[in-house]
Amino acid sequence: MISYEYPLNERIRTLLRLEDLYQKIGHFLSGDVPQDHHVTLLTLFEVLEVASRADLKVDLVQELERQRQILMSFRNNPDISEEALSGALYEIEQASSSLLAMAGKIGQYLRENEWLMSIRSRAAIPGGVCQFDLPSYHYWLNRDPEQRRRDLEGWLSPMTPIRDGLNIVLRLLRASGRAESQVARCGTYQLTMSGRSAQMLRLTLHHGEAVVPEISANKYALNIRFVMPETLSRPRLAERDVPFELTFCSL
């Protein structure tokens, strides 16, 4: 199965982008070759750019508190495992405390590092981080992999509360919906929202379905077109019935 997620507001769009960036960092940070750690650092700069929204930390703290209150209402419910509930509450409380402990603007300590900012500015230029442009960076890339990894982890560590908070929020969001089987007749699916609210849509298809969804949605209607994944020409509509699963996710 392959899933496609479509955010319906800017807040969820930002969280999904950050999740994708943190996943890339986790993958490349574990490598040992200089190119792995170069990509890790460039991705860290992308995290800094996306996370610079002034209200991101506040949004996460408020959402975590709202979820904590919801979970607290399940106390003493015989249908709910007290152990699982206590574990979820503890995780949320730890994430909230870490976010509240973050002082100042997100990533300000990175912006104050002139060496890192010089790399960031040169990286915006195609081929701008060659050894003759940044010899000190070339030296760093040729240091012991474990030393580079320690440096990267040190630069990443102050922003891990953002990662942990968004992971909790997105996990709860994905678990909030129930998948329903649908069919796009002749590659097209339309649905009147009729007051239905959602923050994210999830579409799931079998790997054997060689189609890609194009989604447009607002508070009135949802439209999905399944197109052939052409890479050398303009995508064309898959003029056949396409079965898929649709989930409306909302916290």
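Now for a look at the structure at hand. (Residues numbered from 1 in each chain as written. Predicted model: local features only at pLDDT ≥ 70, side-chain atom pairs only at ≥ 80, totals over all residues. Heavy atoms only, no water.)

### Observations concerning the sheet that holds strand β1 (residues 2-7)
Then comes step 1: Sheet architecture is open: four strands sit in the order β1-β4-β7-β2, paired in antiparallel fashion. Each edge of the open sheet carries a strand with a single partner, namely β1 and β2 (180-184). With strand direction ignored, the average angle separating the axes of adjacent strands in the sheet is 30 degrees.
Then comes step 2: In the sheet, β1 pairs with strand β4 (residues 200-205) via six bridges, with the strands oriented antiparallel. By the bridge assignment, Tyr4 is partnered in β4 with Leu203.
Then comes step 3: Of the strands in this sheet, β1 and β4 are in contact with helix α1 (residues 10-29), which crosses β1 at around 135 degrees.
Then comes step 4: Docked against the sheet, helix α9 (residues 160-175) engages β1, β4 and β7 (242-249), running at close to 65 degrees with respect to β4. (Pairing = 2+ DSSP bridges. Helix = DSSP H or I, 4+ residues; strand = E, 2+ residues; numbered from the N terminus. Axes fitted to C-alpha atoms, helices over the stretch in contact; angles between N-to-C directions. Contact = heavy atoms within 4.5 Å.)

### Comments concerning the packing of aromatic side chains
Then comes step 1: Evaluated as defined, the whole model comprises seven aromatic pairs.
Then comes step 2: Plain terms: the ring middles of Trp115 and Trp140 are 6.2 Å apart, the flat faces sit at 70 degrees to each other, and that makes the pair edge-to-face. Here Trp140 lies in helix α7 (residues 135-141) and Trp115 lies in helix α6 (residues 114-123), a separation of 25 residues in the sequence.
Then comes step 3: Note on Trp140: relative accessible area 4%, which makes it buried.
Then comes step 4: Seen in terms of ring centroids, Tyr137 and Trp140 are 5.9 Å apart; in terms of plane orientation they differ by 10 degrees. Their pairing is stacked. Linking Tyr137 with Trp140, this pair stays in helix α7, spanning three residues, or about one helical turn.
Then comes step 5: By the ring-pair criterion, three or more aromatic residues cluster together here, those being Trp115, Tyr137, Trp140 and Trp155. (Phe/Tyr/Trp six-rings, centres within 6.5 Å; stacked < 30°, edge-to-face > 60°. Buried < 20%, exposed > 50% of the residue type's maximum accessible area, 1.4 Å probe, protein only.)

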